[in-house]
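# Examination of the molecular architecture
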Amino acid sequence: MTDRYEPGGIEPKWQARWEADQLYRAPDRHERPKFFFLTMYPYPSGDLHIGHWYAEAPADARARYLRMRGYNVLFPIGFDAFGLPAENAAIRDGIHPYVRTRQNIERMRTQFRAMGACFDWSREVVTCEPEYYRWNQWFFLRLYQAGLAYRARAAVDWCPKCNTTLAREQVWGDDRRCERCGTPVIRKELDQWFFRITKYADELLDFSRIDWPERVVTMQRNWIGRSEGAEIDFMLDAPALEGERISVFTTRPDTVFGVTFMVLAPEHPLVARLTTPDRRAEVESYVTEATRRTEVERQSAEREKTGVFTGSYCVNPYNGERVPVWVGDYVLMTYGTGAVMGVPAHDERDLVFAHRYGLPVRCVVAPPDWDGGEPAEAYVDPGRMVNSAQFDGLPNDEGKRAVTEWGERQGFARPRVTYRLRDWLISRQRYWGTPIPILYCDACGAVPVPESDLPVLLPEDAQFLPTGESPLKYHDGFRKTRCPRCGRPAERETDTMDTFVDSSWYQYRYLSPHDDDAPFDPELGRYWLPVDVYTGGIEHATMHLLYTRFFTKAIRDLGLTTNDEPVLRLFNQGIILGPDGQKMSKSRGNVVNPDDQVAKYGADAVRSYLMFIGPWDEGGPFSMRGIEGVSRWLNRVWNLVLDTPELPAHGDEATERDLLRAVHKTIRRVTDDLERFRFNTMIAALMEYTNALQKVREVRAVSLAKWNDAARTLLLLTAPAAPHATEELWARLGLPYSVHQQSWPEYDPTLAADEILAVAVQVNGKTRGRIEVSVDADQDTVSRQALASDAIRGWIDGREVRRVVYVRGRLVNIVVQ
RNA sequence: GCCGGGGUGGCGGAACUGGCAGACGCGGCAGACUUAAAAUCUGCGGCCGGAAGGCAUGCGGGUUCGAAUCCCGCCCCCGGCACCA
């Protein structure tokens, strides 16, 4: 018997050898075509969990495959090293974030090496190092100069547990919780820095240049939330407010003749002045009540729509009608103009409101079979306009444009597009992030730090105290400085940047990670960019993946790149669950530790098993039995390759042809599956091929030469999934190092094609038997053969054959009376 | 409510463009090897039925020679958006 397969012995050996030989360095200039394969870089939590393996191992297999296909593959790795956990840990146990983060990274590097991943470590980026984050500051200054970064006072979301503000994208769910810790957020009025992502709203809605999953595209579309409509001005008809107006945004200008009331958000600036003395007490108490309610309460659709009349009226410019102005907390100050025209006949919410307060309902878009009265339910479908003066009879979708145009000519309406998307709030009231390169001078105001003074270093001697406030606020050495304009004392901004700023451009830094002159070398950008394939979890669909698209467009406009999009193709892997089918968590006790699995079965088995589990984008439960099955397969491959049978010099011709067919079919299947990220069926194909080789070996009817070719093909095709075992076997066969530098096998379609096919014979669509036919047999031949076969005769005897359908190579269907 | 994805054996899953449903793996059963066990190898495995045969891809219809796949109407699960005017 040959040596047993012992991954624990061979895996570290090859990892060291590959590293020493710099096998996976991606040269910057090369005659081969480039392929930039990016995976989402991890946060250095200090332990590589099974989710990291699931994200990286199948991606690594595909990167290896692309190398064998002849691409110059850039497959980099780095660490998303700023962020809250390290800072919280510092407050808890006094270890400085730098120290802990660097320790964590060191440990994870070791674990990544044990995976056998073919990363080009020479390009590693670590975002908490000044050589990285100085470029965050540099980009910030450029965006500031271009008017794409600005400071504003606004009501923003604050996480009371993380003690910082959050971007809209980081507030999740209908109960508005912090994306990181799940704590419900609260509103705070603060001065904060923003990136003007809304400037790119329309361009971000254009997905025509990229091949991204429908799911992500939809989520981004929803998030941006573009709606087209009109803004219409209603003049106020109140003694003290002569000449002032309320503007509303509506997507239904065609219903403007149906307006029977107006509703303002409680925060609307006109509310106080509009309120008549007799209504004041009631309105004021309503407004106070509304502002006291939480955001979640306010936005709950189930809540009853309440409101209060201000006592004032405005005038519908289209028909001159006086319309009462109400205040209602279902109207949001943060969307549109903070005022809504009430058209109860054609809007469900307005109808509820009108019924509650006895306001009139006037139908202006006729439902089919309209009786001239008011509809019982809000009618929102298409129809012809009625009760609408000169627009009567017009289909309402045309009416939208006609009404807006007419109002525009009169000067009280204009087309308008509104977005749900808000500018990206990047200020964080925390230490462990990139300092925002701004200082405040009493004389000059907010002053950008000159580029030549970058980086603004994060002071390492900060105090981490459980006060909830950033240590930078109390660090005089950091805070106190001089104004570069006037030389007088000034104070630095103590907020740091959202870590999503780091990840918005890290792919570019991989090109020249130690470049001191620029964030990345534009020359290299011309070769490597854009990213060809990006893989990672779906959870970043509207955060990171939206921000990085914005960033690329913004720096394109700054002249730093010519690409419109950062990533051509996106693929989202799913989530690995515990063996019980539940999300892995320490409290459930269902966590699978990859290090344990590697110790037991080897990295190759863990990699292959993760690929075999199911479709990569679906994830699924980790099965302890399942990984044993894959481990058994690798053992079979091992024994099959090393235990070469006694074989004749000349084999049996038919058996050899069958073997060759299996070889070429398998190459085709494995290649197609890798192209489509179908790793599960790729492993299944390799298993089938292994089983076929085992059968051939038992028969001993092929020549040694043919056998060797078949066995080598097995190693080449398995190399991406199980890089160590295949390297070892390749070496033991005496073949030249390295299996990973061999060319990917090509398949020949003619050799993969069958000559004799087993065809199912159906009678009236039910399979009753099967026959063997040659590939090129025509329908006549096949149907004659089918009708004559014993298994079929009993089913058709005495019945009239009405029709015979032959699907080449698949089946014959005999249709009888 | 709107949008996207899904529902297939005991389990994970497979099935090109409408063409033999259940590849591959797990578990199970039977056998070989072994004093025995483990490991390994071989065979059998959708359900009902002794068999013939029938029934089967969430449910109900339809189109078709033929439907897991296409169409219509539902149910359930996952994710996103949602008082957004």
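Our subject is the structure listed above.
Report follows, based on the coordinates. Predicted model only: the values in this text are computed from it and were never measured.

### Regarding the pairing of strand S10 (residues 227-237)
Burial analysis of S10 places eight of its 11 residues in the buried class, which makes it a mostly covered element. Both S10 and strand S18 (residues 413-418) contribute to a ladder of six bridges, which runs antiparallel. By the bridge assignment, Gly-229 is partnered in S18 with Arg-416. Sheet topology note: the S10/strand S11 (residues 245-250) ladder contains six bridges and is antiparallel. Bridge pairing in S11 places Glu-231 opposite Phe-249. Relative to strand S13 (residues 307-315), S10 is paired through three bridges, and the arrangement is antiparallel. Bridged to Met-235 within S13 is Val-315.

### Section: the sheet that holds strand S21 (residues 438-441)
In sheet architecture, strand pairing relies on hydrogen bonds along the backbone and comes in two forms, parallel and antiparallel. Taking strand neighbours across the sheet as the criterion, the four strands line up as S22-S21-S24-S23 in an open arrangement whose pairing is antiparallel. The strands lining the two open edges of the sheet, one partner per strand, are strand S22 (445-448) and strand S23 (480-482). Strand-to-strand twist of the sheet, defined as the mean angle between neighbouring strand axes without regard to direction, takes the value 40°. Relative to S22, S21 runs antiparallel, the two sharing four bridges. Opposite Leu-439, over in S22, you have Val-447 as the bridge partner.

### Thoughts on unusual backbone geometry
Along the chain, Leu-454 connects to Pro-455 via a cis peptide bond; the corresponding omega equals -5°. As for its position among the elements, Pro-455 is in the loop between S22 and helix H13 (476-479). The omega torsion across Tyr-737 and Ser-738 is 0°, close enough to zero to call that bond cis. Here Asn-163, not a glycine, exhibits a phi torsion of approximately 55°, which is positive. With respect to the element layout, Asn-163 can be found in the loop between strand S5 (149-159) and strand S6 (164-166).

The rules behind each value
Residues numbered from 1 in each chain as written. Chains lettered and ligands numbered in written order. Predicted model: local features only at pLDDT ≥ 70, side-chain atom pairs only at ≥ 80, totals over all residues. Heavy atoms only, no water. Buried < 20%, exposed > 50% of the residue type's maximum accessible area, 1.4 Å probe, protein only. Helix = DSSP H or I, 4+ residues; strand = E, 2+ residues; numbered from the N terminus. Pairing = 2+ DSSP bridges. Axes fitted to C-alpha atoms, helices over the stretch in contact; angles between N-to-C directions.

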